[in-house]
Amino acid sequence: MSAAEFGGGAAPTRQARSAETRRRILDAATTAFVDDGIAAVSLRDIAGLAGVTHPGLLRHFASKDALLGAVVERLDRENSEWIDAAELAPGTLGMAALAERNAGTPGYLELYTALAGEATSAGHPAHEHLRERYARVRASITEQLAALPLGGGLDPAIEAALVIAAWDGLQLQQRYAPELDLVAHLERHEQRLLGSPPAVDPGERTAVAERLPPTVIVDEEPSGAGGRLGRERRARIAESAIELFARTGYHGTSLREIAERAGISKATLVHHVGSKDELLTAVLRLRDRRTITPEPDGDRAVDRLYALADTADRTAREEPGLIELYSVLSCEGATPGHPAHDYFARRFRESRRYFLNLLRRMRDEGALRDDRDPRHESAWLPAVWDGLQIQWSYDPAIDVGVHLRAYFDELVVPGSAPGGRPRRAPS
C-alpha cells in the first residue's frame, strides 16, 4: 500500500459526515491502539469504545488500515503545526523541546513506538508512510546540522541518522523503563552538537567497572526430550515462527499459521513447544544466540566495542530476518501485559548495565574520551543500535555497521580504535 493510500479511506462517506462522531472514533482508536497494541485491537473493540455500532464505524472508516492511517495523519499534522509555530530557545536545536511536547501528547509515544516496529515489514499498510517520514525527517535534520559549525569532519547526514536512531531507541527504552529521561539525553546531545559538551558526572570519573560477561544476554536453551526428530521439528517450528512473527507480529500470528508454515499439524506443534508464549520465549532465545558478538582477538574493551559493529554487519548480511524480528517484537512488546514485555524490560536493563561497565573499562584503559559520560552513553549506545536497525528496515541504504563505527569513532581517544582504524576528529 502506498503512502497516499494509507489512510486514504479515512474521509467520511457521503452517508456519514458527523465530525464529532469521527473525532470520537479517532480518540477511541488511539486509546485502544495504545492500551492493547495495534495488532491486538479489532474494529469492533474500537466501535464499542467510541459508543458507535460496527456498521456505523465502517461508514466513517472502510478498514482498520484506513482508521490507523487517520490516527497517524492526525498526530503528524498536529506535530507539524507545533514545529511550524515553535520558536527555538537560544542555544538549542529544538529536538529536546519536541520530545517533551510529544511526551505530553496522549498516545503519541506509545503509538509511534509500536508502529515503527510493526510497519517494518514491506507488506504493512503503513510501511511506505513511515519510510517517507523517516526520509523526510533525516533530510530536515541534515539540513539543520549542515548549517552548524560541527567541526571535526562530522558528516551532517550521518549525524542526522544517528540522532534519529538514538531518539527512537530511547523512546523504546523509556516504554520499558519510565524513569529514563529522554528529554535530558537529547538536551545533552544538542549541547554537544552546538560545541558545548556537557559535563561528565564526577562520580563517573572513579566508578568501578564490574567484570564483563561474554555478551549482553546469555540465556541457554533448555534441553528438550524427543531425540533428533524432536529437535529437528522444534528447530523448524522456531524458524517458521521467526519468519511469521517478523512479518505480522506476535498478536497477528496464530499457532495454526506457524504449524502450516512448518508443515506439521497444530497438535504436533503444541506437543513440541507447548503454548504460544513458550514458543515466543524459544524464538527470542534463539535470536539472542544467533546474534551473540564473538569474543574479539584483543582483550581491550574498545575491541569489544567495535566488534559490535562487526556483529551488525554479519546479522544484516546473513540473518536479516532476525533484525526484523527484534524490531517488531521489541516495539510490540512495549505494551504492558504483552508476553514479551518482561523479556525486553530485562534485556534493556541488562544491556545498559553491560555497556555501562564496558565504557567504564574503556575509561580505565584510557580509550574513552574524557568528555564522554559512561552512564549517559550506556543508554545512548543501545538506543542508537536499535534505532539504526529500525531505519534500515525502511531503507537498506542505512548501513547499521557503518553508522555504528562512526558513532564509536566519536567516543574513543584518537589512536585507540582497533587496527589503527582511521577516525574522525572529535566534535
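Please refer to the structure higher up on the page.
Residues numbered from 1 in each chain as written. Predicted model: local features only at pLDDT ≥ 70, side-chain atom pairs only at ≥ 80, totals over all residues. Heavy atoms only, no water.

Draft legend 1. The arrangement of the overall build of the protein chain in detail. Counting secondary structure elements, the protein chain contains 18 helices and zero strands. Considering the protein chain as a whole, with its 427 residues, one finds that 54% of them fall into the buried category. In the protein chain, the share of contacts with a sequence separation of at least 24, taken over all contacts with a separation of at least 6, comes to 73%. Carbon and sulfur atoms make up 51% of the accessible area of the protein chain, which totals about 18,600 Å². (Helix = DSSP H or I, 4+ residues; strand = E, 2+ residues; numbered from the N terminus. Buried < 20%, exposed > 50% of the residue type's maximum accessible area, 1.4 Å probe, protein only. Contact = heavy atoms within 4.5 Å. Areas by Shrake-Rupley, 256 points an atom, 1.4 Å probe, with all protein chains shown as cover.)

Draft legend 2. Here's a closer look at the side chain of K276. Residue placement: K276 occurs in helix α13 (residues 276–290). The charged side chain of K276 is buried without a salt bridge, its nearest counter-charge being D277 at 7.1 Å. Of note is the side chain of K276, whose polar atom sits 2.5 Å from the backbone oxygen of T253. Not counting chain neighbours up to four residues away, the residues in contact with K276 comprise F245, Y250, H251, T253 and L255. (Lys, Arg positive; Asp, Glu negative; His and termini not counted. Salt bridge = Lys/Arg side-chain N within 4 Å of Asp/Glu carboxyl O. Polar contact = N/O pair within 3.5 Å; in protein donor to acceptor, adjacent residues only side chain to side chain.)

Draft legend 3. Quick peek at the packing of α13 against helix α15 (residues 320–332). It is at 11 Å that the axes of α13 and α15 come closest, and there the two elements cross at 130 degrees. Taken together, α13 and α15 sit at an angle that is classed as oblique. Here α13 runs over α15; the crossing is left-handed. Where α13 approaches α15, its residues L280, V283, L284, R287 and R290 are matched on the opposing element by L322, L325, Y326 and L329. (Axes fitted to C-alpha atoms, helices over the stretch in contact; angles between N-to-C directions. Parallel < 35°, antiparallel > 145°, perpendicular 65-115°, else oblique. Left-handed = near helix turned anticlockwise from the far one by under 90°.)

Draft legend 4. Structural view of the pattern of salt bridges. Within the structure shown, the criterion is met by 23 salt bridges. Its salt-bridge partner being E243, residue R261 comes within 2.9 Å of it at the nearest N-O pair. One end of the pair, R261, is in helix α11 (residues 255–262); the other, E243, is in helix α10 (residues 227–248), and 18 residues separate them in sequence. For E243, a relative accessible area of 29% corresponds to the partly exposed category.

Draft legend 5. Molecular detail of the layout of surface pockets. In this structure, the largest pocket encloses a volume near 890 Å³. What lines the largest pocket is a set of 32 residues, among which N79, I83, L98, V137 and W167 lie closest to the centre. Looking at the lining of the largest pocket, the elements that each hand over two or more residues are α4 (64–85), α5 (95–103), α6 (108–118), α7 (127–146) and α8 (156–176). No other element matches α7, which puts nine residues into the lining of the largest pocket. For the lining of the largest pocket, a count of residues per class yields 19 nonpolar, nine polar and four charged. (1 Å grid on protein atoms, 1.4 Å probe; cavity = no way out; pocket = protein on both sides within 12 Å on 5 of 7 lines; lining within 4 Å. Points joined across faces, edges and corners; volume = space filled by probe spheres on them. Nonpolar A, V, L, I, M, F, W, Y, C, P; charged D, E, K, R; others polar.)

Draft legend 6. Quick look at the nonpolar core. In terms of nonpolar packing, the biggest core is built from 124 residues, with I46 and F408 touching the most fellow members. Examining the composition of this core, we find that 11 residues originate from one element, α8, more than from any other. Beyond its immediate sequence surroundings of up to four residues, F408 is in contact with L305, Y306, L308, A309 and L381. (Core = buried A, V, L, I, M, F, W, Y, C linked by side-chain atoms within 4.5 Å.)

Draft legend 7. Region of interest: the environment of G252. Relative to the helices and strands, G252 is located in the loop between α10 and α11. Judged by its relative accessible area of 34%, G252 is partly exposed. In the structure, G252 is positioned 212 residues away from A40 in sequence and 7.2 Å away in space, judged by C-alpha atoms. If sequence neighbours within four positions are ignored, G252 has contacts with A39 and E257.

Draft legend 8. Just the side chain of D168, in detail. Looking at the element boundaries, D168 is found in helix α8. Here D168 occupies a buried position and makes no salt bridge, while the nearest side chain of opposite charge, R133, is found at 6.2 Å. Contacts of D168, omitting those with residues within four sequence positions, involve Y134 and G387.

Draft legend 9. How the structure looks around the packing of α8 against helix α16 (residues 341–364). Running from N to C, α8 and α16 point in directions that differ by 120 degrees, and their axes come no closer than 9 Å. With respect to α16, the axis of α8 lies oblique. Considering the relative orientation of α8 and α16, their crossing is left-handed. Along its contact with α8, which presents L172, Q173, R175 and Y176, the element α16 presents H341, F344, A345, F348 and R352. Looking at the contact of α8 with α16 residue by residue, the class counts come to five nonpolar, two polar and two charged.

Draft legend 10. The packing of aromatic side chains, seen in detail. Across all of its chains, the model carries 11 aromatic pairs by this definition. Seen in terms of ring centroids, Y176 and F348 are 5.2 Å apart; in terms of plane orientation they differ by 45 degrees. Their pairing is tilted. Here Y176, found in helix α8, pairs with F348, found in helix α16; they are 172 residues apart in sequence, far enough to count as distant. Since its relative accessible area comes to 10%, Y176 is described here as buried. When the centroid spacing of 5.8 Å and the interplanar angle of 45 degrees are considered together, the rings of Y407 and F408 count as tilted. Of the two residues examined, Y407 and F408, each falls in the buried class. Taken together, the ring pairs connect Y176, Y326, Y343, F344 and F348 into an aromatic cluster. (Phe/Tyr/Trp six-rings, centres within 6.5 Å; stacked < 30°, edge-to-face > 60°.)

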